[in-house]
Every structure is written in structure tokens, then in C-alpha cells.
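Structural features, examined
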Amino acid sequence: MEVSTFTARRKTVTTQAGDIAYTEFGDGPAALFIHGIGTSGAAWRHVIEQLAGTTRCIAVDLPVHGGTPARADLSVATMATLARDLADALDLGQVDLVGADTGGAVAQIFAARNPARLRTLALTNCDTDGNFPPPEFAPIIEAARQHQLAGALSAITADPAAWHVECAVDRERVMSSAHSTR
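Notes on the structure follow. What you see is a predicted model, and the numbers here were worked out from it, not measured in a lab.

1. A look at the nonpolar core
Ranked by internal contacts, the top residues of the largest apolar core, which has 26 residues, are I34, I58, L86, V95 and L97. Listed by contribution, the elements that provide at least two residues to this core are strand 2 (18-25), strand 3 (30-34), strand 4 (56-61), helix 3 (76-89), strand 5 (95-101) and helix 4 (102-113). For this core, the leading source of residues is helix 3, giving 7 residues. In this structure, W44, I48, A59 and V98 belong to the second largest nonpolar core, which totals 12 residues.

Structural data, given as C-alpha cells:
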């Protein structure tokens, strides 16, 4: 599924946590998909395309990602509350909860706080206690501490094609830097 096809279906619901953007496809038992940092619910579009024939697939956009506005508190615990508020607003009942990357950490907190809301839990390549944030994020966290991240993000959004080229070039530097901090 193309990103444009996915995002054309994006909706917003108002909850106690504020406005939350999500995209929904399919009918049947509900599956709630939680993405990681630097992506949006669209990261799940190919999985959702495969499941939409049998499952009500809901992909949340976490704050500052996709269509959900920023919040003062962007902690993983707050994101778990946001996911619960979305499930409540959409009257999902029990869900098949799916999380990847930081979305996996969000899903783990959601599951621990709301075990009766789970039908199943699937975690893939996710952050966990003792691995949050992952060591590979060390250069990004350091850039944020030095107030250099906003400029980099502005440049990336101004020219996304350049980011792909630069990302490929810098991947080796970032990975070797992260491994040297271990």
C-alpha cells in the first residue's frame, strides 16, 4: 500500500489526552499498531494491507509523528496512556496489540497497565528495560542535549531526498560511534 493511500484515511479523535491521529482499515477483531520514533502509523501499512480482510486494523500516530500534535510530556508512559485513551475513544474492547521499536516499549507499558484489554501481544524489534533508549540512539540524544537536533530535523524536512543519501553515508559513523560507547 502506498503511503498516500494510507494517510488519505487518517482520522483524528479527541480524547482526555488531546487529539490523537490514527488510520483504520478492515473489519473484525481489533488490532492496535504502535510505531517507533521517527515513523508514523504508516510504518504498518504493508502489514495492515495483509490483515485488513479479517481484522480491524488501527495504527496510531504518536505525538510529533504523523498527524498527532506534540504534547508537553512525551514519555513512553504517557504514550501508553494515549494508546489506552485511543482504544477507549474507539470502543475497541480487547485488542491484538502490536508494537515495534519504541512503540514496543509503549505496548509493554500498555499491556502491564491494562492486561484485561489484551487479546494478544506482539512485539518486534523493540525497546525494553535495560535497552531504552537503545545504544544506537546515543549520538541523537547527544545532539539533542547540545541543541543541534532541531536544525538537523529542519534540514531533513526541507529536503527528504538528501536525508536518504546522508543517512546511508552516515550510517557507518553513527553505528561505530554507538558501539564505541558500550
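2. Looking at the packing of aromatic side chains
Per the counting criterion, the structure on display carries 2 aromatic pairs. Pairing F33 with W44 gives two aromatic rings, centres 5.2 Å apart and planes at 45°, and the pair type is tilted. A residue pair is termed long-range when its members are at least 10 positions apart, and F33 in strand 3 and W44 in the loop between strand 3 and helix 2 (45-51) qualify at 11 residues. Here F33 falls in the buried class, since its relative accessible area comes to 1%. The cationic tip of R9 hangs over the ring face of F25; the distance from NZ or CZ to the ring centre is 4.2 Å.

3. Considering the pairing of strand 5
With respect to burial, strand 5 is a largely interior element, 6 of its 7 residues being buried. Summarising the sheet, strand 3 and strand 5 pair through 4 bridges and their orientation is parallel. Bridged to L32 within strand 5 is L97. As paired elements, strand 5 and strand 6 (residues 118-126) share 7 bridges and run parallel to each other. The residue of strand 6 that forms the bridge with G99 is L123.

4. Examining the environment of K11
Mapped onto the secondary structure, K11 falls in strand 1 (residues 10-15). Taking the C-alpha atoms as reference, K11 lies 5.5 Å from Y22; in sequence the two are 11 residues apart. Sequence-distant contacts of K11, defined by excluding residues within four places in its chain, comprise I20, A21, Y22 and E24.

5. Considerations on the pattern of salt bridges
Applying the stated criterion to the full structure yields 6 salt bridges. Residue R56 pairs with E24 through a salt bridge whose shortest N-O separation is 2.5 Å. Of this pair, R56 sits in strand 4 while E24 sits in strand 2, and the two are 32 residues apart along the sequence. Judged by relative accessible area, which is 13%, E24 ranks as buried. When the shortest N-O distance is used, the salt bridge between R119 and D96 registers 3.1 Å. Pair noted here: R119 is in strand 6 and D96 is in strand 5, with a separation of 23 residues, a long-range link. Note on D96: relative accessible area 17%, which makes it buried. Several salt bridges share partner residues, and in doing so they unite R84, D85, D88 and R117 into one network.

6. Observations concerning the sheet that holds strand 3
Backbone-to-backbone hydrogen bonds pair the strands of a sheet. The strands run either parallel or antiparallel. The 6 strands are arranged 1-2-4-3-5-6 in an open sheet whose pairing can be described as mixed. Lying at the two open borders of the sheet, with one neighbouring strand each, are strand 1 and strand 6. In this sheet, neighbouring strand axes are inclined to one another by 25° on average, regardless of whether the strands run parallel or antiparallel. Here strand 3 runs beside strand 4; their pairing, made up of 4 bridges, is parallel. Along strand 4, the bridge assignment pairs A30 with R56. Running over the sheet, helix 3 touches strand 1, strand 2, strand 3 and strand 4 and is turned about 100° from strand 1. Most of the contacts of helix 4 go to strand 5, to which it runs at about 145°, and overall it touches strand 3, strand 5 and strand 6.

Reading the values: the criteria
- Residues numbered from 1 in each chain as written.
- Predicted model: local features only at pLDDT ≥ 70, side-chain atom pairs only at ≥ 80, totals over all residues.
- Heavy atoms only, no water.
- Core = buried A, V, L, I, M, F, W, Y, C linked by side-chain atoms within 4.5 Å.
- Buried < 20%, exposed > 50% of the residue type's maximum accessible area, 1.4 Å probe, protein only.
- Helix = DSSP H or I, 4+ residues; strand = E, 2+ residues; numbered from the N terminus.
- Phe/Tyr/Trp six-rings, centres within 6.5 Å; stacked < 30°, edge-to-face > 60°.
- Lys NZ or Arg CZ within 6 Å of the ring centre and 35° of its normal.
- Pairing = 2+ DSSP bridges.
- Contact = heavy atoms within 4.5 Å.
- Salt bridge = Lys/Arg side-chain N within 4 Å of Asp/Glu carboxyl O.
- Axes fitted to C-alpha atoms, helices over the stretch in contact; angles between N-to-C directions.

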